[in-house]
Amino acid sequence: GTHDDPLAPRGQAQLAAAIAAETVAGRGDWDAILCSPARRCAAFAADLAAAHHRPLHCLPALRERGFGAWEGQRAEQLPTADLARFWADPLGFDPPGAEPFANFRARVSTGWQALLADPPRHALLLTHGGVVRVILGEVLGLSAAALLLIEVPPACCTRLRLPSGSGRPSLIAHGALD
């Protein structure tokens, strides 16, 4: 959600391990670091950009969806009937006060298209599961309903090939370290 919580120590360790794995695999020579403005992404991205002497670009369009009254709550704390409605029809049921899914998808899609208009050569984007789902939906031509079928675990690494010039982006890899 949009609560601006810092990255927990476990999340910090998961991201550090993912970055180390990419570096060891020879994919860590990014020319730019891009991030959501959420502190849990931006703080880690700022440290990484400084350590590697790379430019940092904060992309507000790629922030997570706002979940309204559900922000900061665990699933078992939510009204059972509302949670069941959300899982049964995540596109048709928005949590109370939440950013409507259609608005979220349009915002992220617009941000993604802006990034594609002038893509960096080799960038790292630190963002959120919902954003990753929408971007993968754009790349793969998935319906909105299919987006929730994509698992995005913590510190998930998704690699996309962005063509220079004409062409379409393609999915190279997606998944967790373990």
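What counts, and at which threshold
- Each chain has its residues counted from 1, running along the sequence as written.
- Two thresholds apply to this predicted model, a pLDDT of at least 70 for residue-level local features and 80 or more for giving and counting side-chain atom pairs, whereas whole-chain, interface and lining totals are computed over all residues.
- For the side-chain quantities, the full set of heavy atoms in the structure was used; hydrogens and water were omitted.
- Runs of E in the DSSP output that reach at least two residues are strands. Runs of H or I that reach at least four are helices, and both are numbered from the N terminus.
- For a helix, the expected span equals 1.5 Å multiplied by the residue count minus one.
- Each residue gets one of three labels from its accessible area relative to the maximum for its type: buried under 20%, exposed over 50%, partly exposed in between, using a 1.4 Å probe on protein chains only.
- In what follows, residue pairs with any heavy atoms lying within 4.5 Å of each other are defined as contacts.
- Criterion used throughout: strands pair if DSSP finds at least two bridges between them.
- For helices, the fitted axis covers only the stretch in contact; all axes are lines through C-alpha atoms, and the angles between them, taken along N-to-C directions, range from 0 to 180 degrees.
- To form a nonpolar core, buried Ala, Val, Leu, Ile, Met, Phe, Trp, Tyr and Cys residues must be joined to one another through side-chain atoms within 4.5 Å.
- Throughout this description, the term salt bridge denotes a Lys or Arg side-chain nitrogen within 4 Å of a carboxyl oxygen of Asp or Glu.

Caption draft 1: Up close: helix α4 (residues 101-117). In this model, α4 (17 residues) spans 24 Å end to end at C-alpha, consistent with the 24 Å of a helix rising 1.5 Å per residue. Restricting attention to buried positions, one finds in α4 the residues Phe-101, Phe-104, Arg-105, Arg-107, Val-108, Ser-109, Gly-111, Trp-112 and Leu-115. Where α4 is buried, its residues touch β1 (32-35), α5 (129-140), α6 (144-147) and β4 (157-161).

Caption draft 2: Spotlight on the sheet that holds strand β3 (residues 123-126). Across the sheet, which stays open at both edges, the 3 strands sit in the order β2-β1-β3 with parallel pairing between neighbours. With partners counted over all chains shown, the strands left at the sheet margins are β2 (56-58) and β3, one partner each. Looking at each pair of strands side by side, their axes are set apart by 20 degrees on average, direction ignored. As paired elements, β1 and β3 share 4 bridges and run parallel to each other. In the strand pairing of β3, Leu-34 is matched with Leu-125.

Caption draft 3: Seen up close, the environment of Phe-93. By secondary structure assignment, the location of Phe-93 is in the loop between α3 (80-88) and α4. With relative accessibility at 9%, the residue Phe-93 sits in the buried group. For the pair Phe-93 and Leu-83, spaced 10 residues apart in the sequence, the C-alpha separation amounts to 9.4 Å. Not counting chain neighbours up to four residues away, the residues in contact with Phe-93 comprise Trp-70, Asp-82, Arg-85 and Phe-86.

Caption draft 4: Here's a closer look at the nonpolar core. Within the largest apolar cluster, 14 residues are counted, with the highest numbers of intra-cluster contacts made by Phe-101, Phe-104, Val-108, Trp-112, Val-131, Val-134 and Ile-135. Listing elements by their share of this core, those giving two or more residues are β1, α4, α5 and α6. It is α4 that provides the largest number of residues to this core, a total of 5 residues. If sequence neighbours within four positions are ignored, Ile-135 has contacts with Val-108, Trp-112, Leu-125 and Leu-160. If you look at the next biggest cluster of nonpolar residues, it comprises 12 residues, including Leu-15, Ile-33, Ala-49 and Leu-124.

Caption draft 5: Spotlight on the pattern of salt bridges. Scanning the model with the defined rule gives 5 salt bridges in all. A salt bridge links Arg-107 to Glu-99; the nearest nitrogen and oxygen atoms lie 2.8 Å apart. In this structure, Arg-107 and Glu-99 share a single accessibility class: buried.

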